[in-house]
Amino acid sequence: MSNLSNLKKYAGHPVLLGTALLTATGLASRIIGFFYRIFLSHTIGAQGVGIYQLIFPVFALGIAFCGAGIQTAVSKYTAEAAGAGRCPQTYLYAGLMLSVSLSVLFTLLIYTGSDAIATVILDEPRCAALLRIVSLSLPLAAIHSCINGYYYGLQKTGVPSVSQLLEQICRVLCVYLIYRICESQGRTVTAAMAVWGIVLGELAGALFSLTVVRFVKCTERLSACLHQIVIFSIPLTTNRVLINLINSTEAILIPICLKAYGYSNEDALSIFGILTGMAMPMILFPSVLTNSVSVMLLPSISQAKAQKNQTLIHRTIRRTIESCLVLGFASTLFFLLTYSYIGQYLFANSLAGVYVRTLSFICPFMFLSTTLNSILHGLGHPTATLMLNLSSCLLRIAVIWFFVPVYGIRAYLYGMLASQMLSALCAILLLNRSKDL
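Quick notes on the rules
Residues numbered from 1 in each chain as written. Predicted model: local features only at pLDDT ≥ 70, side-chain atom pairs only at ≥ 80, totals over all residues. Heavy atoms only, no water. Helix = DSSP H or I, 4+ residues; strand = E, 2+ residues; numbered from the N terminus. Buried < 20%, exposed > 50% of the residue type's maximum accessible area, 1.4 Å probe, protein only. Contact = heavy atoms within 4.5 Å. Areas by Shrake-Rupley, 256 points an atom, 1.4 Å probe, with all protein chains shown as cover. Lys, Arg positive; Asp, Glu negative; His and termini not counted. Charge placed at Lys NZ, Arg CZ, Asp CG, Glu CD. Patch = residues over 30% accessible without salt bridge, like charges linked within 9 Å, V, L, I, M, F, W, Y side chains within 5 Å. Salt bridge = Lys/Arg side-chain N within 4 Å of Asp/Glu carboxyl O. Polar contact = N/O pair within 3.5 Å; in protein donor to acceptor, adjacent residues only side chain to side chain. Phe/Tyr/Trp six-rings, centres within 6.5 Å; stacked < 30°, edge-to-face > 60°. Lys NZ or Arg CZ within 6 Å of the ring centre and 35° of its normal. Core = buried A, V, L, I, M, F, W, Y, C linked by side-chain atoms within 4.5 Å. Domains from an automatic or database assignment. UniProt positions renumbered as here; feature names shortened; annotations may be inferred. Buried area = accessible area lost by both parts, 1.4 Å probe. Expected span 1.5 Å × (residues − 1). Bend = angle between axes of the 7 residues up to and from the residue.

### A short note on the overall build of the chain
Okay, step 1: Of the regular secondary structure elements, the chain holds 19 helices and 0 strands.
Okay, step 2: Dimensions along the principal axes, computed over C-alpha positions, put the chain at roughly 60 × 45 × 40 Å.
Okay, step 3: Classification of the 437 residues of the chain by burial places 53% in the buried group.
Okay, step 4: Taking as baseline every contact in the chain between residues at least 6 positions apart, the subset at least 24 positions apart corresponds to 84%.
Okay, step 5: Accessible area of the chain: about 18900 Å², with a carbon and sulfur share of 67%.
Okay, step 6: Of note, the chain has its 27 positive side-chain charges centred 13 Å away from the centre of its 13 negative side-chain charges.

### So, a nonpolar patch on the surface
Okay, step 1: Side chains of Tyr 111, Leu 136, Trp 196, Leu 200, Leu 203 and Leu 207 sit close together on the surface and give an oily, nonpolar patch of about 520 Å² of accessible area.
Okay, step 2: A total of 4 residues in the nonpolar patch trace back to one element, the largest contributor, which is helix H10 (residues 192-212).

### Re the side chain of His 144
Okay, step 1: By secondary structure assignment, the location of His 144 is in helix H8 (residues 138-153).
Okay, step 2: You can call His 144 buried: its relative accessible area is 6%.
Okay, step 3: A distance of 3.0 Å separates a polar atom in the side chain of His 144 from a polar atom in the side chain of Ser 163.
Okay, step 4: Residues in contact with His 144, not counting those within four places in the same chain, are Ser 163, Gln 164, Glu 167, Glu 202, Gly 205, Ala 206 and Ser 209.

### Considering the pattern of salt bridges
Okay, step 1: Per the counting criterion, the structure on display carries 6 salt bridges.
Okay, step 2: The salt bridge partner of Asp 115 is Arg 132, with a shortest N-O separation of 3.5 Å. One end of the pair, Asp 115, is in helix H6 (residues 114-121); the other, Arg 132, is in helix H7 (residues 127-135), with 17 residues separating them in the sequence.
Okay, step 3: Looking at Arg 132, the relative accessible area reads 25%, which means it is partly exposed.
Okay, step 4: Its salt-bridge partner being Arg 180, residue Glu 183 comes within 3.4 Å of it at the nearest N-O pair. Residue Glu 183 and its partner Arg 180 are both found in helix H9 (residues 158-184); the two are separated by 3 residues, about one turn of the helix.

### A short note on the packing of aromatic side chains
Okay, step 1: Per the counting criterion, the structure on display carries 13 aromatic pairs.
Okay, step 2: Centre to centre, the rings of Tyr 52 and Phe 56 are 5.0 Å apart; their planes meet at 85°, and the pair counts as edge-to-face.
Okay, step 3: The class of Tyr 52 is buried, set by a relative accessible area of 1%.
Okay, step 4: With relative accessibility at 22%, the residue Phe 56 sits in the partly exposed group.
Okay, step 5: Note on Tyr 176 and Tyr 179: the rings are 6.3 Å apart at their centroids and 40° apart in plane angle, and the pair reads as tilted. Here Tyr 179 and Tyr 176 lie together in helix H9, a separation of 3 residues that amounts to about one turn.
Okay, step 6: Aromatic ring contacts, followed pair by pair, group Phe 39, Tyr 176 and Tyr 179 into a single cluster.
Okay, step 7: Between Arg 357 and the ring centre of Tyr 339, over which it is positioned, the NZ or CZ distance is 5.0 Å.

### A closer look at the nonpolar core
Okay, step 1: Residues Phe 347 and Tyr 412 are the most contacted members of the largest nonpolar core, which totals 99 residues.
Okay, step 2: By residue number, the principal contributor to this core is helix H12 (residues 265-284), which donates 11 residues.
Okay, step 3: Shared between two domains, this core takes at least three residues from each, and those domains are domain 1 (12-262) and domain 2 (285-436).
Okay, step 4: Setting aside residues up to four positions removed in sequence, Phe 347 forms contacts with Phe 34, Arg 37, Ile 38, Ser 41, Met 278, Met 282, Ile 342 and Ala 352.
Okay, step 5: Judged by nonpolar contacts, the second largest core, of 22 residues, contains Ala 73, Tyr 77, Cys 225 and Phe 232.

### As for the UniProt feature "transmembrane region" (unreviewed entry) in the chain
Okay, step 1: This chain's UniProt record puts "transmembrane region" (unreviewed entry) on residues 15-39, 51-70, 90-112, 194-216, 271-299, 320-342, 354-376 and 388-406.
Okay, step 2: Its end C-alpha atoms 37 Å apart, residues 194-216 is made of 83% helix and 0% strand.
Okay, step 3: Segment residues 388-406 splits into 95% helix and 0% strand. End C-alpha atoms: 28 Å apart.

### Here we look at the domain arrangement of the chain
Okay, step 1: What the domain assignment lists for the chain is domain 1 (12-262) and domain 2 (285-436).
Okay, step 2: On a C-alpha basis, the centres of domain 1 and domain 2 stand 21 Å from each other.
Okay, step 3: Listed per partner, the contact involves 40 residues of domain 1 and 38 residues of domain 2.
Okay, step 4: Of all residues in domain 1, Arg 30, Ile 246 and Glu 250 bury the most surface against domain 2, accounting for 16% of the area lost on that side.

### Some details on helix H11 (residues 222-261)
Okay, step 1: The end-to-end C-alpha distance of H11, which contains 40 residues, comes to 55 Å, matching closely the 58 Å that a straight helix rising 1.5 Å per residue would cover.
Okay, step 2: Helix geometry: H11 is bent most strongly at Ser 233, by close to 40°, with proline Pro 235 lying one to four residues after it.
Okay, step 3: Phi turns positive one or two residues past the end of H11, at Gly 262, with a value near 135°.

Spelled out as structure tokens, the structure:
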């Protein structure tokens, strides 16, 4: 009887249920994305994937500026309002107002400045048209992000899970349809096809989210909720923007430093495409579980802190570290055993397999960093995670600038391992010294 009661207790736990649902849909989405990456590598080639990947730092910067910090703030305050019996929808309205306004502004900046960004910053004029297309998805992503944050705060993951899967399915189906149309008309297939897929996928996710969310009148003051979201999201947004700026610098510098090492422009873009469009997505595949856990940890830790439940916080941190280490080392072992198959048979590129083998060692540290940062956010330490992430990114930039021109791409792979180790170990030290524990 005791075992049955324990099973029922855990089965009804919102974090476990939410994590299970997010993991299931995230896994399905990753599997679809995995085959999608293979499809892209065969249709637009390694160089096309490299050009496609070059626009992502700019896109990610827009997402970070317009929605990442705001989504976390909406999630946190929705959880607190729901726990206190207040109206949580006001925080959704405030988040939407702020996020959509910023996204429209950022869309205009990217669209009008696409030529300059592509030529001067990305050092690849062919990215200009792609930037104009992808900028259209930012307001849609802002809507989608805020509504997801609202449901995460309520610890109801059904809507975010379905919208994530719907977005991925629509993206892939639309790209495949565009590909077949181009093929039937004898037109050249370019990376623009994949970028239109991003826009159409975000459109599907935003429309679904708007359809299912309940908009009700609340007694909470919108201005007060907006003020709370702005204050909390500033360090988070600063964190994401700075990290994405550095990541953008990182992505831009890799092809440049590879050319300084001796590669031609085409070869440098091909290596960049193999690394970021084939090897890294493969390494990130198991992180679907830790990402799901991270999303559910923030509202759970926020509520535990508000209730001063130190025992729950301690137990959550311990179990998080143990689980991430087990998953991380299992992933490393899997990639070490299968890297040759992954490169030769999945991507038809042996170099992708070599990169997977080297990058496999980052898995335990990467999974730890993701989940422990979420716990730090839940405890109210966004500034600490900002400094931690900045240190990790600056280490990678230094490796690219000083070592890649001398030792090639292998130096960058080792730099990634060192930065992930630094991030994970520092997060553990910060939690050890936290006054909330």
